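Below are the chains, spelled out letter by letter.
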Amino acid sequence: MRFVFKRSYDADIGLFKHRPQALWYLGLLVLVVALPWLVDEFFVGEATNVLIWAIAGMGLMLLTGHTGQASLGHAAFMAVGCYTCVIMIANGVPFLLALPLAGVIAGLVGVIVALPVLRLHGIYLAIATLAISVLTEDFIVIAEPWTGGVVGLVAPPIVIFGLEIDRYGTPALFYFLTLAVTLVVLAGYRNLLRAPLGRAFTALRDSEISAQAMGVNIARTKATAFGLSCGATGLAGALLGFYAGAFNHETFNLVLSIQLLLMIVIGGLGSIHGAFFGALVIGFLPQFIALVRDGISGVFDLGSVTIPGIESGIFGLILVGFILFEPTGIYGRWVKLRTYFELYPFYRKDMFKRQKSFLKTERMR
Amino acid sequence: MSLLVLEQVTVRFGGLVAVNDVSFHVGEGEVFALVGPNGAGKSTVFNLISRFYDPAHGDIRFREKSILGLRPDQVPALGIARTFQNIELFEQSTVLQNLLVGRHRHRRSSLVSELFFAPQVRSEERRHRQVVEEVIDFLELQAYRDKTIAGLAYGVRKVVELARALATEPRILLLDEPASGLSLEETQDMIFWIEDIKKQMGITVLMVEHDMNLVASVSDRVLALADGKELAIGSAQDVQSHPAVIEAYLGSGGRAGHDG
Ligand SMILES: Nc1ncnc2c1ncn2[C@@H]1O[C@H](COP(=O)(O)OP(=O)(O)OP(=O)(O)O)[C@@H](O)[C@H]1O
Ligand SMILES: [Mg+2]
């Protein structure tokens, strides 16, 4: 068991709780930076994929996990980021400018979209954002002169100061680019959470009334959360476009929106870790499913028969499993495990039980 | 000087007149209590002042200026802080984080500076933290600092809510039933705290409370309401022995005299 002695307020304001934790993350950073030298090209590509999911996951986590606003439309903002980035590059904007601009544009679109739906809560907000996802898909088809319609677009090569980065030609470089974006988004996210605005986000999530009574402007704070969230998601969308090489309206369909939401639920709502755990699950799920499928085919001797929809099926099963047995997601499970070992042998089974100690009888509104 | 003035305020919910032509003023440095049977309109008065409800007519002035044009989130900036009758804390956050949200009205940093955690943000954080630690010391919440609200007992939550309101560094504190559901000792602590808040911190207190023992020990003046109407105003003894007040409590069959 570890006791953390704090000698100044900075101990809480700092990025890490204690030195061993900082070393831990440093080690992790070294590992991810060294990854291209440790594994083969295929795996580097997979890792890149996971990072892209993680960026989008952080975007959605900020909105849903920390601000409490469900969104079933985040694929739309990935699309905005992707198309704007590629269209800008096609018009001669250098990549290093186009990528952040794409994020900013996606963020602004997020704010504009957020304004009319700010008053909606829970399931109604989910439905409104779902509609946004569907509409965006249609819009991409209609806006053919820019988006290429159903045919879609092909991502141009990325050029940074004469250095050409290509997902297949130079997978390690593309991995590093994605890693850099991941780290920038992560740093901003982490900083925000230890600053007043991040606390205002969680305050909104837990009680709008008392957040207001503490001086938090609900509409503006929600719009900011939407903007930041959609901005990060837009960055992920742009990277996804380059990762996929070619994309059209179906790349950013409703299924992607749903997958994003499921990812953060499985990873663990309300923590940045959750976005990364979720990204790992989503990123490696296809391989896992392939394994399971081969296993099943082996046992039942199905030969080359494919089972339609098995991917969604397994995905759904995992999700239902989490909601039933571990609503706090993988991160929640990890925290419990860690506490168990830290406190061994003093861990109590009901340590993480919530105390229901009062009734909400009087609610305003 | 009167810090807070309510002038002939009326609130209607459909056909129900929850607050009926109520006027009173709270002086600077005073502890002012609102009492009355259930449904008298006490919490409604609080929700009016914190701008969650709009009056049908009447005016509310804080430091001579009408606050009716303000949104609820603009009220704390004036130095008006409140607690809720049924505790509205940020359940998934720690006590420390809850109190730090109380500092929101003192936020000066911008979105961009916070994304980079600029030096200015850090120094403001230190300042917020210092104020919050003083409140934690005052209300003896040290043991709960890093505990999540969801796991705390009712009595502690009540204190955390008071702490969060104090962390805003208010001029006036609106306490909605600060002692309801508290044990005898906890109520005794609450009495001491309210006295200190008034005397040492110089904060004006407007509170709603059913526990007449607490009301009598701390308040300078008491206003009794029933069915939205003013019944009597004056010292705790005067109000308690006022025939209209006794009548109202007996009539409601409710919580007369000294219950909690
Ligand atoms: N939002 C609302 N909509 C409709 N009626 C309301 C609303 N808020 C309060 N009321 C009604 O107004 C009246 C006064 O309510 P209020 O909550 O102010 O009472 P109170 O004096 O605080 O009582 P208690 O001691 O039970 O807290 C009650 O009849 C209540 O039902
Ligand atoms: Mg009340």
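(A) How the structure looks around the site of ligand 1. Among the 15 residues in the neighbourhood of ligand 1, the closest are listed as B:Gly39, B:Lys42, B:Ser43, B:Thr44 and B:Gln85. Each of chains A and B places residues near ligand 1. A distance of 3.1 Å is found between an oxygen atom of ligand 1 and a backbone nitrogen or oxygen belonging to B:Ala40. Side-chain polar atom of B:His210 to an oxygen atom of ligand 1: 3.0 Å apart, as the coordinates give it. Relative to its unbound accessible surface of 630 Å², ligand 1 loses 69% to contact with the protein. Mapped onto the shell around ligand 1, the elements with two or more residues apiece are β2 (16–27) and α1 (42–49) of chain B. Per-element accounting of the shell around ligand 1 gives the leading share, three residues, to α1(B). Here the residues of the shell around ligand 1 sort into five nonpolar, seven polar and three charged.

(B) Structural view of a negative patch on the surface. Residues and elements named next belong to chain B. On the surface, a cluster of negative charge is contributed by Glu134, Asp137, Glu140, Glu185, Glu186 and Asp189. Elements that contribute at least two residues to the negative patch include exactly α4 (119–138) and α6 (184–199). No other element matches α6, which puts three residues into the negative patch. Turning to its location among the elements, Asp137 is positioned in helix α4. On the basis of relative accessible area, Asp137 is assigned to the partly exposed category, the value being 45%.

(C) Expanded view of the interface of chain B and chain A. Facing 50 residues of chain B, the contacting portion of chain A comprises 42 residues. Summing both sides of the interface, chain B and chain A together bury roughly 4200 Å²; the carbon and sulfur share of this comes to 57%. Taken together, the links from chain B to chain A amount to one salt bridge. The partner of A:Arg199 in a salt bridge is B:Glu125, with the nearest N and O atoms 3.0 Å apart. Here chain B is connected to chain A by eight residue pairs in polar contact (both at pLDDT 80 or more). Counting residues per element, the side of chain B that touches chain A draws most heavily on α4(B), at eight residues. In terms of residue class, the side of chain B that touches chain A is built from 20 nonpolar, 14 polar and 16 charged.

(D) Local environment of the pattern of salt bridges. Residue and element names in this part refer to chain B. This model, assessed by the stated rule, comprises 17 salt bridges over all chains. Across the salt bridge formed by Asp220 and Lys198, the nearest N and O atoms sit 3.0 Å from each other. A residue pair is termed long-range when its members are at least 10 positions apart, and Asp220 in the loop between α7 (212–218) and β9 (221–226) and Lys198 in helix α6 qualify at 22 residues. Put simply, Glu7, Asp59 and Arg61 are held in one network by salt bridges that share partners.

Reading the values: rules and limits
- Residues numbered from 1 in each chain as written.
- Chains lettered and ligands numbered in written order.
- Predicted model: local features only at pLDDT ≥ 70, side-chain atom pairs only at ≥ 80, totals over all residues.
- Heavy atoms only, no water.
- Near = heavy atom within 4 Å.
- Polar contact = N/O pair within 3.5 Å; in protein donor to acceptor, adjacent residues only side chain to side chain.
- Areas by Shrake-Rupley, 256 points an atom, 1.4 Å probe, with all protein chains shown as cover.
- Helix = DSSP H or I, 4+ residues; strand = E, 2+ residues; numbered from the N terminus.
- Nonpolar A, V, L, I, M, F, W, Y, C, P; charged D, E, K, R; others polar.
- Patch = residues over 30% accessible without salt bridge, like charges linked within 9 Å, V, L, I, M, F, W, Y side chains within 5 Å.
- Salt bridge = Lys/Arg side-chain N within 4 Å of Asp/Glu carboxyl O.
- Lys, Arg positive; Asp, Glu negative; His and termini not counted.
- Charge placed at Lys NZ, Arg CZ, Asp CG, Glu CD.
- Buried < 20%, exposed > 50% of the residue type's maximum accessible area, 1.4 Å probe, protein only.
- Contact = heavy atoms within 4.5 Å.
- Buried area = accessible area lost by both parts, 1.4 Å probe.

These figures capture arrangement, not role.
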